[in-house]
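# Descriptive structure summary
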Amino acid sequence: MVLAALASSLADLARARTRDADARRVEADLAAEMARLLLRGAPLAEDLPTAAARLAQALELNSAAIVMEAVDGERAHGGLPLREATRRLGTLLVGGDAPEASLRRLQERVVPRWSRC
């Protein structure tokens, strides 16, 4: 019984690590795609809707938008400030219906800690 419980625990741990590795792979692919999209030289305003749609798709969100200004009541609308050091660059809006786990993932992994003040 002890060995079966240990094997089950190890299998659960392996599955959790696999899910985490898959999520990190998706995030790394998304970051590379965003870099290619934003660095190709087109006007930023043209690329933001595509970047937001790809972000929503990759993170399984109903919607996402990137705006180049602060949004009033951004927390209530699922908004995350986008910053570089102390300079505000814009806001990532994901909608108030975004699951808490998705918002937490965005805050912890997608919107870098160093960019939030």
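Before going into details, it helps to say that this report is about the structure given with it. Just so we're clear, the structure is a prediction, and the values are computed from it rather than from any experiment. (Residues numbered from 1 in each chain as written. Predicted model: local features only at pLDDT ≥ 70, side-chain atom pairs only at ≥ 80, totals over all residues. Heavy atoms only, no water.)

### A word on the sheet that holds strand E1 (residues 65-67)
Taken in spatial order, the three strands make up an open sheet running E1-E3-E2, and their pairing is antiparallel. Taken across any chain shown, the strands that pair with only one partner, and hence form the sheet edges, are E1 and strand E2 (79-84). Ignoring strand direction, the axes of neighbouring strands in this sheet form an average angle of 25°. (Pairing = 2+ DSSP bridges. Helix = DSSP H or I, 4+ residues; strand = E, 2+ residues; numbered from the N terminus. Axes fitted to C-alpha atoms, helices over the stretch in contact; angles between N-to-C directions.)

### Looking at a nonpolar patch on the surface
On the surface, a nonpolar cluster with roughly 420 Å² of combined accessible area is contributed by Leu3, Leu6, Leu10 and Leu13. Tracing the chain through its elements places Leu10 in helix H1 (residues 2-39). (Patch = residues over 30% accessible without salt bridge, like charges linked within 9 Å, V, L, I, M, F, W, Y side chains within 5 Å. Areas by Shrake-Rupley, 256 points an atom, 1.4 Å probe, with all protein chains shown as cover. Salt bridge = Lys/Arg side-chain N within 4 Å of Asp/Glu carboxyl O.)

### Notes on the nonpolar core
Looking at soluble globular proteins, one finds that nonpolar side chains tend to be buried together. Grouped together as the largest cluster of nonpolar side chains are 18 residues, with contacts concentrated most on Leu55, Leu61, Ala64, Leu92, Val94 and Leu106. Elements that contribute at least two residues to this core include exactly H1, helix H2 (44-58) and helix H3 (100-110). With five residues, the single largest contributor to this core is H2. (Core = buried A, V, L, I, M, F, W, Y, C linked by side-chain atoms within 4.5 Å. Buried < 20%, exposed > 50% of the residue type's maximum accessible area, 1.4 Å probe, protein only.)

### A few points about the packing of H1 against H2
H2 packs onto H1 with a crossing angle of 170° between their chain directions and a minimal axis gap of 10 Å. Classified by the interaxial angle, the pair formed by H1 and H2 is roughly antiparallel. Contacts between H1 and H2 involve Val26, Leu30, Glu33, Met34, Leu37 and Leu38 from the first element and Leu44, Asp47, Thr50, Ala51, Arg54, Leu55 and Ala58 from the second. For the contact of H1 with H2, the class distribution of residues is nine nonpolar, one polar and three charged. (Parallel < 35°, antiparallel > 145°, perpendicular 65-115°, else oblique. Contact = heavy atoms within 4.5 Å. Nonpolar A, V, L, I, M, F, W, Y, C, P; charged D, E, K, R; others polar.)

### Quick word on the environment of Glu27
Within the element layout of this structure, Glu27 appears in helix H1. In this structure Glu27 comes out as buried when scored by relative accessible area, which is 12%. Linking Glu27 and Leu59, residues 32 residues apart in sequence, is a C-alpha distance of 8.3 Å. Discounting chain neighbours no more than four positions away, the residues touching Glu27 are Arg105 and Arg109.

### A short note on unusual backbone geometry
Of note in this structure, Glu60 is not a glycine but carries a positive phi near 55°. Note on placement: Glu60 falls in the loop between H2 and E1.

### So, the pairing of strand E3 (residues 87-93)
Within a regular beta strand, the side chains point alternately toward one face of the sheet and then the other, so they alternate between its two faces. Strand direction decides the pairing type here: E1 and E3, joined by three bridges, are antiparallel. Note on E3: the bridge partner recorded for Ala65 is Leu93. Where E2 folds back on E3, the antiparallel hairpin that results is connected by two residues, among which Ala85 adopts a positive phi of roughly 55°.

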